[in-house]
Structures are given as C-alpha cells and as structure tokens.
Amino acid sequence: MDPKEQAEVLAARTLEGTRERLAGLEGCPTAGHVEVFDSLHRELSGVLGALDQEGDRRPPVS
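Presented here is an overview of the structure given in this document. Given the structure is predicted, the values throughout are model-derived calculations rather than measurements.

Check the secondary structure of the protein and you find two helices and zero strands. For the protein, the proportion of its 62 residues judged to be buried stands at 13%. Total accessible area computed for the protein in this model is approximately 5100 Å², and 58% of it derives from carbon and sulfur atoms.

This part takes up the side chain of threonine 18. Take threonine 18: it is sitting in helix 1 (residues 3-23). Excluding residues that lie within four positions of it along the chain, threonine 18 makes contacts with Leu40 and Leu44.

The subject of this paragraph is the environment of threonine 14. Here threonine 14 is to be found in helix 1. Look at threonine 14 and you get buried, because its relative accessible area is 15%. Residues within four places of threonine 14 in sequence aside, it is in contact with Leu44 and Val47. A polar atom in the side chain of threonine 14 sits 2.8 Å from the backbone oxygen of leucine 10.

Once that is clear, we can look at helix 1. Its 21 residues place the ends of helix 1 30 Å apart at the C-alpha level, agreeing with the 30 Å of an ideal helix rising 1.5 Å per residue. Put simply, aspartate 2 is the residue that caps the front of helix 1, since its side-chain oxygen is 3.0 Å from the backbone nitrogen of lysine 4.

Turning next to the side chain of serine 39. Along the chain, serine 39 turns up in helix 2 (residues 30-57). At 2.9 Å, the side chain of serine 39 and the side chain of arginine 21 are in polar contact.

The residue methionine 1 is located in the segment before helix 1 in this model. Overall, the relative accessible area of 66% leaves methionine 1 in the exposed class. Beyond its immediate sequence surroundings of up to four residues, methionine 1 is in contact with Gln6 and Val9.

The rules behind each value
Position labels on residues start from 1 in each chain and follow its written sequence. Predicted model: local features are reported for residues with pLDDT of at least 70 only, side-chain atom pairs are reported and counted for 80 or more only, and whole-chain, interface and lining totals are derived from all residues. Side-chain measures here rest on the full set of heavy atoms in the structure, leaving out hydrogens and waters. Segments assigned H or I by DSSP are reported as helices when at least four residues long, segments assigned E as strands when at least two residues long, and all are numbered from the N terminus. Working definition: with a 1.4 Å probe on protein chains only, accessible area under 20% of the residue-type maximum means buried, over 50% means exposed, and in between means partly exposed. Areas reported as accessible are Shrake-Rupley estimates using a 1.4 Å probe. Residue values count occlusion only from the protein chains shown. By definition in these notes, contact holds between two residues if any of their heavy atoms fall within 4.5 Å. Here a polar contact is taken to be a pair of N or O atoms separated by no more than 3.5 Å, where protein atoms must pair a possible hydrogen donor with a possible acceptor and residues adjacent in sequence count only if both atoms sit in side chains. Take the number of residues in a helix, subtract one, and multiply by 1.5 Å to get its expected span.

Next up, the structure:
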C-alpha cells in the first residue's frame with residue numbers, strides 16, 4: 001500500500017472512531033464531555049502530525 005493509500009485508511013479509521021465516540025456522548029452528562037473532547041483532540045492532533053510527516057517525505061508538486 002502506498003503512503004497516500006495508508007494516509008487515506010488512517011484518516012477514514014480516525015474519522016469513524018471519532019464519530020462513534022461523539023455519538024456515545026448522547027445521554028452522557030455534559031461534565032463528561034470535556035474528557036472525551038480532550039482525548040479526541042490529542043488523538044486528532046497526533047494523526048494530523050503523522051499525516052504531515054508523511055507529506056514532508058513526498059516530493060514537491062511542480
């Protein structure tokens with residue numbers, strides 16, 4: 001699998017997991033949302049950082 005395909009799979013998996021976790025907040029007390037949002041923020045930042053590093057390895061587009 002090439003790097004672009006790997007990035008697409010990672011992005012799709014991350015999006016699916018994020019949606020599931022946000023859907024799980026329904027019925028949860030608002031106070032519990034902060035922990036989930038913070039955790040998602042860390043995970044999404046990590047994924048974006050990983051995707052950005054992959055982008056740094058690709059040749060420039062001319």
